[in-house]
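Chain by chain, the residues run as shown.
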Amino acid sequence: MLFNSMEFLAFFPIVVLAFFIIPKKVRTVWLLLASYYFYMSWNAKYAILIFASTLITYLSGILMESCPDRYKKAVLTGSLLSNLGILAVFKYADFFLSSLSDLLNRAGIIVAERSLGLILPVGISFYTFQALSYSIDVYRKKIPAERNFLKYALFVSFFPQLVAGPIERSENLLTQIQGIDQKSHRELVDIERIIDGLLLMMWGFMQKLVIADRISPVVKHIYGNYTDCGAKEIIIATVLFAFQIYCDFGGYTNIAIGAARVIDIRLMQNFRQPYLAFSVKDFWRRWHISLTNWFRDYLYIPLGGNRKGVFRKELNTLIVFTVSGLWHGASWNFVVWGFMHALLLILNDLWDMYKEKIWGVKQKKKKTIITRIIGAAVTFACVDLAWVFFAAGDIKKAVNIILQQFTSLKGSIIWDAALNHQEKIVLIAAILVLLAVDLMHEMNISVFKLVKKQKLLIRWFLYATLIWGVVIFGVYGSSAGLDQKFIYFQF
Amino acid sequence: MESSRKDNLKKNTGLFIRIVGFIIFLIIIGKILDFCVYDDTELYTRIMTHELYNMKKNIDVVCLGSSHCYRSLDPKIMDKEFGMCSFDAASPMQELDAASVIVRDVLRNNDVKHIYIELFYSISEKVPYKQRNELGFNAVIFDKLKPSLYKFKTMLMATSVENYPVEFIKCRRTTTKILDKNYVIPLVKKKLTKEYFEYDPEMINNDNEQYHGKGFFCGTRTRTVGSFFYNSHKKSISEDAISQDWKNSLIEIIEFCKNKGVEVSLYSAPVSDFQLIDVGNYDKYIEYVSTIAAKNGVEYTDFNLCKKEYFDPLKNNYFEDEDHLNINGAEAFTKVFCDYNNHKIPKEELFYSSYKNKLSEIEFDVLGAVINKEKNEISIEPVTVNGSWDNILCEVEIKDSEESRKLTVKPGEKIKTGDGKTGDISVNLIYKDTEVGHIETTY
């Protein structure tokens, strides 16, 4: 079930309305059933995997708390290996097998390519990491083990963030789930909070349906015919892809956070105006924040972080971002994408470290507008170049596309074929609105709070504009003709 | 305690009013958007349904069906012949799920005595309702019928889920046209007129077609024998292709009407023999529908089986195109229709026993041709009654942007047109050195 589907349009109000009126003690069960129903609408049999992951991490949490300290590490290792094992088999087995056979063939040992032919379970990368973070936090005694299996199962499978994040921590989400049964009906049915949640969902739908899905055919068309394209078209497609992936993933996240907000669960922020980042380092404090934090807390810091000298720090960065690339997809182009970001971060670090030493330039804590604009432009260009590996699907194609950007003098084709004049106006207007909102948030002006301060009719007009904007200009339903899944579902 | 309860009540009431107020506000904005982008200024169903819902007299006789109904039955003649008030509540390519909604609407507001349901063979072969992947012609009638729970339920079953946004939200259908001022401004100007608000039929009339009241909308053009044409052959009737949904809807309407004490009759309006001969096995359709009618205790009459003495549309040039009667044809047909239903003419006297029998009594004639285009070739395939292509030649003139050429070819002979080219084609059908037909079309 996609968020942008008729099924979800029926599912969500039913779940929410029932949640508001059922007795307190069945709220957890209700949300758990709804979450499993949500997940099983994709593929019912893969619910076994999420259940297995839940059971393993639940039991290992209790075991770690009750067993002697000398066995805790073994229990944790068991939990990590079994969960990562499931992830490895379903996500990476075919990748490793095909890479191995490719390598052997190149070495002159001819082997037939084998594959397990397993379908990637939706959201496996997300819920696996979420469950693992719980195991590790229990091991580190950051949180006590959850004894209530139903509450823990809901923590792993909570439907708004189940299939594409944010990757929540138990201190945040599990704590709130534990308190779900205590809230009074009056607390739950807080109209202002519900409006906030619904508004955020609509904003997410705007990002996904009006921007991301409108860009998708343009990028597909140009990247699919890149050999016939001029540099201008390829650059346009590459820039548009940056907005497509931001609005697709950011839109999904906003819908997830908004949906959770409606039922009084606060999920963490996952994006913070990423294209206003003034450096690549800053970009990773703004993009997919939950994943960045996960890798920082559970891989980078255990590897030593920045505490073991410059060389080790950069090596750790390289390892973390290469693994991050692999997390995004079982394909070498994602590994290259992660590797590129690692290099950019290392360069960023080296530049910061030696700026003062070489040129005597002092690090300013507060950046000027000019430096921020230049920083943002350069960062966007670097990040966007890396996105080509994401969008192209394979390394060779990505390299050719990048070269074409810098070398092709061919005449223009065809982004007209994918979007007519009015569609372009809608797209450009929507992107400008998005950038304006992001800019305001960057200046700590909350657009939603600003809207809520307006007079009733003005508020209603703004809400109606957003709703009707999505209804009319959203790419969905029979007019879409696209594969409208969220990009990050493939991870 | 009492005051806090009162405060809560006040708060909840205020909240409820705000929610309802916002929903109404949203609907008003939606209606404004519909007004600006949804073009119904030339919609026949807009005029028809307005008249249907505002009839001062009780409607005794209702005719449902496709354009074959509202273009062939004149309610004024029916009123005179039946002595009752009639109405054509048909619509373009009306399918039976839409018809079932109209039946309920009409019966809710009128004491209807008799319903005639027109059944055009082509509509029986439409895709199952839930597999409809386009909005289709049902929209033009659903848009104009009054809201009701039954209509809502029917609309939910009338198409696939992906189509719900365009089915229920009119302004969604034209999406980015809302930004096209060359579309929106003229449309709004056209709607902000007295004619639009007063449902003036002049808005849908033109030089060739007129709205005559009570749903009757008909044309004045004439298609003579020899000038009928299609750009591709019709499919022959196959029972497997007949939709189960169509059959279920038909039976449902019959049962509903019977329960309300309303008499139901099924019929097929005349279409050109050019079309039915090209179909090839039209009797199969007659047999299929006759079986359903017999099983459900209603009469089915196919007026394509009319004997020439009573109704000869080809000789009298009663058709305006391959499908529809013109105004003269409608007058003549309505009279025959009423005479039959008033039992003035016995069935055996009026009708042939089968379409095959009808054709066997017609002399050889060249009715027209199928101008068949495949890739970069055209072939002219005459449609004849009781004859072959022997002694037929086709004088063809082809004009495209680059050249114009004349040639004489045999039926079925391929004429090259060039890759992707379009243009005008004019065909004289010659039978034994006499011109028997003339066709002009594009390719």
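Residues numbered from 1 in each chain as written. Chains lettered and ligands numbered in written order. Predicted model: local features only at pLDDT ≥ 70, side-chain atom pairs only at ≥ 80, totals over all residues. Heavy atoms only, no water.

Observations regarding the overall build of chain A
Along the backbone of chain A there are 21 helices and zero strands. Relative to the globule expectation of 23 Å for 491 residues, the C-alpha radius of gyration of chain A, 24 Å, shows essentially globular dimensions. Along the three orthogonal principal directions, the C-alpha set of chain A runs to about 65 × 65 × 55 Å. Partitioning the contacts of chain A with sequence separation of at least 6, the portion at a separation of at least 24 is 75%. For chain A, the accessible area works out to roughly 22,200 Å², and carbon and sulfur atoms hold 67% of it. Of the charged side chains in chain A, 52 are positive and 33 negative, and the gap between their average positions amounts to 6 Å. (Helix = DSSP H or I, 4+ residues; strand = E, 2+ residues; numbered from the N terminus. Rg over C-alpha atoms; globule rule 2.2 N^0.38 Å. Contact = heavy atoms within 4.5 Å. Areas by Shrake-Rupley, 256 points an atom, 1.4 Å probe, with all protein chains shown as cover. Lys, Arg positive; Asp, Glu negative; His and termini not counted. Charge placed at Lys NZ, Arg CZ, Asp CG, Glu CD.)

Side note on helix α4 (residues 69-106) of chain A
Look at α4(A): only 48 Å from first C-alpha to last across 38 residues, short of the 56 Å you get at 1.5 Å a residue. Among the residues trailing α4(A), Gly108(A) stands out with phi positive, at a value near 95°. (Expected span 1.5 Å × (residues − 1).)

Comments concerning the side chain of Ser379(B)
Along the polypeptide, Ser379(B) turns up in strand β10 (residues 377-385). A polar contact of 3.0 Å, which involves the side chain of Ser379(B), links it to the side chain of Glu381(B). (Polar contact = N/O pair within 3.5 Å; in protein donor to acceptor, adjacent residues only side chain to side chain.)

Focus on the pairing of strand β12 (residues 404-409) of chain B
Side-chain positions along a regular strand alternate between the two faces of the sheet. Residues and elements named next belong to chain B. Of the strand pairs in this sheet, strand β11 (residues 392-400) and β12 are connected by six bridges, and their pairing is antiparallel. Paired with Glu395 across the two strands is Thr408, which belongs to β12. Counting the residues between successive antiparallel strands, the hairpin from β11 to β12 contains three residues. (Pairing = 2+ DSSP bridges.)

Looking at the sheet that holds strand β9 (residues 365-374) of chain B
All names here are of chain B. The four strands are arranged β6-β9-β10-β13 in an open sheet whose pairing can be described as mixed. This sheet does not close on itself; its edge strands, each paired only once, are β6 (228-230) and β13 (414-416). The average angle at which neighbouring strand axes cross in this sheet is 25°, direction not considered. In the sheet, β9 pairs with β10 via nine bridges, with the strands oriented antiparallel. What sits directly across from Gly368, in β10, is Val383. (Axes fitted to C-alpha atoms, helices over the stretch in contact; angles between N-to-C directions.)

What to know about a negative patch on the surface
The grouping of Glu309(B), Glu348(B), Glu349(B) and Glu361(B) at the surface amounts to a negative patch. Its relative accessible area of 60% is what places Glu348(B) among the exposed residues. (Patch = residues over 30% accessible without salt bridge, like charges linked within 9 Å, V, L, I, M, F, W, Y side chains within 5 Å. Salt bridge = Lys/Arg side-chain N within 4 Å of Asp/Glu carboxyl O. Buried < 20%, exposed > 50% of the residue type's maximum accessible area, 1.4 Å probe, protein only.)

As for the confidence of the model for chain B
For chain B, mean pLDDT is 91; residues scoring 70 or higher make up 99% of the total. Here the prediction assigns the complex a pTM of 0.86, and the interface score ipTM is 0.84. (pLDDT = per-residue confidence, 0-100.)

Focus: the packing of aromatic side chains
In this structure the tally under the stated criterion is 80 aromatic pairs over all chains. Here the aromatic rings of Tyr46(A) and Phe90(A) are separated by 5.7 Å at their centres, their planes lie at 90°, and the arrangement is edge-to-face. Residue Tyr46(A) is found in the loop between α2 (27-40) and α3 (47-66), and its partner Phe90(A) is found in helix α4; the two are separated by 44 residues along the sequence. The exposure class of Tyr46(A) is buried, given its relative accessible area of 9%. The class for Phe90(A) is buried, based on a relative accessible area of 18%. Considering the side-chain rings of Phe95(A) and Phe96(A), the 5.5 Å spacing of their centres and the 45° angle between planes classify their relative orientation as tilted. In this structure, Arg104(B) packs its charged tip against the face of Tyr150(B), placed 3.8 Å from the ring centre. (Phe/Tyr/Trp six-rings, centres within 6.5 Å; stacked < 30°, edge-to-face > 60°. Lys NZ or Arg CZ within 6 Å of the ring centre and 35° of its normal.)

Details of the nonpolar core
Tyr275(A), Trp287(A) and Trp387(A) are the most contacted members of the largest nonpolar core, which has 159 residues in total. Those residues in contact with Trp387(A), other than ones at most four positions away along the chain, are Phe241(A), Ala242(A), Ile245(A), Tyr275(A), Phe283(A), Trp287(A) and Trp337(A). Ranked by size, the runner-up nonpolar core spans 97 residues in total, among them Ala269(B), Tyr285(B), Val289(B) and Ala293(B). (Core = buried A, V, L, I, M, F, W, Y, C linked by side-chain atoms within 4.5 Å.)

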